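Each chain is listed here by its residues.
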Amino acid sequence: MTEQELSNAMKTYGDTVYRLALCRLQNAADAEDVYQDVFLRLLEQRAGGWDGERTKAWLIRAALNRCADLGRARRRRGGVISLDEVPDMARPVDQEAAELWDAVGRLPEKLRTAVHLFYGEGYESGEIGALLGVPAATVRSRLRRARAELKDLLGGFDDGKSLSEVDGTYPYARRAE
C-alpha cells in the first residue's frame, strides 16, 4: 500500500475507526491507540487493489480485534475509566440525547457495539453480523436487548423516538484532533 492510498483510507474511514474504538473502549487515549495501530497494520498490508468496501470492512474488523486486545489488557490491569473522566470526548448538546447516549455507554460491550454500528454508523444487521462474525439474528437480538435495557435505564423512555431521532446527535461524531 502506498502512502497516498493510506492517506486516502485515513481520510475516508478514519472517523469510523476512531468512533468504533471510542464506543468499544470508552477511553479517548485507547481509541487513539487503536486508530494508530489499525492504520499502521493497513500500511503493512498489500491492500493496494482493494475496493472501498473491502478496505472499510478490513479496517472495522481490525479495529474490533485491537479493541478486544486492549480490553483484555485493561481487565488484567483492573482499571476502567468512566466516560465522565474523558474530557475531550464530543458530547451531545441536547439534554435528552445526552441522557440517551450516556445510557448507551452503560450497556454491556456487545450491546453497545451493535447499537453503535446500527445507529451511529448506519449498518444493517446482516452487515454488522458479518463484521462481528455472528449471525444477523444475533445482531437483531442484541439490538432488541439493548433497546429493552435502555428503556429500563431511562425509566420507561418511550415517546416514539428511536435512537437516531433524538436530535440526531451522536456523541462519538468527531475524532479529537
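Chains are numbered independently. Their residues run from 1 in the order of the written sequence. Selection of residues for local features in this predicted model requires a pLDDT of at least 70, selection of side-chain atom pairs for listing and counting requires 80 or more, and totals for whole chains, interfaces and linings are taken over all residues. Excluding hydrogens and water, the side-chain values take into account all heavy atoms of the structure.

1. Thoughts on the overall build of the protein
Here comes step 1: Under the scheme used here, helices are H or I runs from DSSP no shorter than 4 residues and strands are E runs no shorter than 2 residues, and both carry numbers assigned from the N terminus. In terms of regular secondary structure, the protein is built from seven helices and zero strands.
Here comes step 2: Reading the protein from its N end, one meets helices and strands in the order α-α-α-α-α-α-α.
Here comes step 3: Contact between two residues is taken to exist if any of their heavy atoms lie within 4.5 Å; hydrogens are not considered. Here the analysis covers contacts within the protein between residues at least 6 apart in sequence; of these, 72% occur between residues at least 24 apart.
Here comes step 4: Residue exposure ignores everything except the shown protein chains as possible cover, and the areas themselves are Shrake-Rupley values with a 1.4 Å probe. Put simply, the protein shows about 9,400 Å² of open surface, and 46% of that area lies on carbon and sulfur atoms.

2. Some thoughts on the pattern of salt bridges
Here comes step 1: Any carboxyl oxygen of Asp or Glu that lies within 4 Å of a side-chain nitrogen of Lys or Arg is treated as forming a salt bridge with it. The full count for this structure, using the stated rule, is four salt bridges.
Here comes step 2: Close ionic contact of glutamate 121 with arginine 19 constitutes a salt bridge, the shortest N to O distance being 2.7 Å. Of this pair, glutamate 121 sits in the loop between α5 (109-120) and α6 (125-132) while arginine 19 sits in helix α1 (residues 3-25), and the two are 102 residues apart along the sequence.
Here comes step 3: Residue aspartate 37 pairs with arginine 66 through a salt bridge whose shortest N-O separation is 2.6 Å. Taken together, the residues span a long stretch of sequence, with aspartate 37 in helix α2 (residues 28-44) and arginine 66 in helix α3 (residues 52-77) at a distance of 29 residues.
Here comes step 4: Arginine 66 sits in the buried class, given a relative accessible area of 17%. Each residue's exposure class comes from its accessible area (1.4 Å probe, protein chains only) as a fraction of the maximum for that residue type: buried when under 20%, exposed when over 50%, partly exposed otherwise.

3. A few points about the confidence of the model for the protein
Here comes step 1: In the predicted model, the protein carries a mean pLDDT of 78, and the fraction of residues at 70 or more is 73%.
Here comes step 2: Every residue in residues 85-92 scores below 50 in pLDDT, and together they form 21 contacts with partners more than four places removed in sequence or on other chains.
Here comes step 3: Note that residues 166-170 has pLDDT below 50 and, in this model, 15 contacts with residues that lie over four places away or in other chains. The predictor reports its confidence for every residue as pLDDT, a score running from 0 up to 100.

4. Topic: a negative patch on the surface
Here comes step 1: A surface patch of like charges, here negative, comprises Asp51, Glu53, Glu124 and Glu127.
Here comes step 2: Structurally, glutamate 53 can be placed in helix α3.
Here comes step 3: Note on glutamate 53: relative accessible area 54%, which makes it exposed. Patch rule: a residue counts if its relative accessible area is over 30% and it has no salt bridge; like charges are joined within 9 Å, and nonpolar side chains (Val, Leu, Ile, Met, Phe, Trp, Tyr) within 5 Å. In this tally, Asp and Glu contribute negative charge and Lys and Arg positive charge; neither His nor the terminal groups of the chain are included. A charged residue contributes its charge at one atom only: NZ of Lys, CZ of Arg, CG of Asp or CD of Glu.

5. Concerning a positive patch on the surface
Here comes step 1: A surface patch of like charges, here positive, comprises Lys110, Arg140, Arg144, Arg145 and Arg147.
Here comes step 2: Tracing the chain through its elements places arginine 145 in helix α7 (residues 136-153).

6. Some points on the environment of phenylalanine 39
Here comes step 1: Residue placement: phenylalanine 39 occurs in helix α2.
Here comes step 2: What makes phenylalanine 39 buried here is its relative accessible area of 3%.
Here comes step 3: Separated by 25 residues in the primary sequence, phenylalanine 39 and glycine 14 have C-alpha atoms spaced 8.5 Å apart.

7. Digging into the packing of α5 against α7
Packed helix pairs are specified by the crossing angle of their axes together with the interaxial distance, meaning the distance between the axes.
Here comes step 1: Where α5 contacts α7, the axes come no closer than 9 Å and their chain directions differ by 105 degrees. Of the possible angle classes, the one that applies to α5 and α7 is roughly perpendicular. Packed against α5, whose contacting residues are Lys110, Leu111, Ala114, Val115, Phe118 and Tyr119, the element α7 presents Arg142, Leu143, Arg145, Ala146, Arg147 and Glu149 at the interface.
Here comes step 2: The residue makeup of the contact of α5 with α7, split by class, is seven nonpolar, no polar and five charged. For helices, the axis comes from a line fit to the C-alpha atoms of the stretch in contact; other axes are also lines fit to C-alpha atoms, and the angle between any two N-to-C directions lies between 0 and 180 degrees. An angle counts as roughly parallel when it lies under 35 degrees, as roughly antiparallel when it exceeds 145, as roughly perpendicular when it falls between 65 and 115, and as oblique in every other case. Note on residue classes: Ala, Val, Leu, Ile, Met, Phe, Trp, Tyr, Cys and Pro are nonpolar, Asp, Glu, Lys and Arg are charged, and everything else, Gly too, is polar.

8. Observations concerning α1
Here comes step 1: Take the residue count of a helix, subtract one, and multiply by 1.5 Å to get its expected span. The end-to-end C-alpha separation of α1 is 28 Å, well short of the 33 Å expected for 23 residues at 1.5 Å each.
Here comes step 2: What the bend at a residue measures is the angle between two axes, fitted to the seven residues ending there and to the seven starting there. The axis of α1 is deflected most strongly, by about 60 degrees, at tyrosine 13.
Here comes step 3: In the segment just after α1, glutamine 26 is the residue with positive phi, at about 55 degrees.

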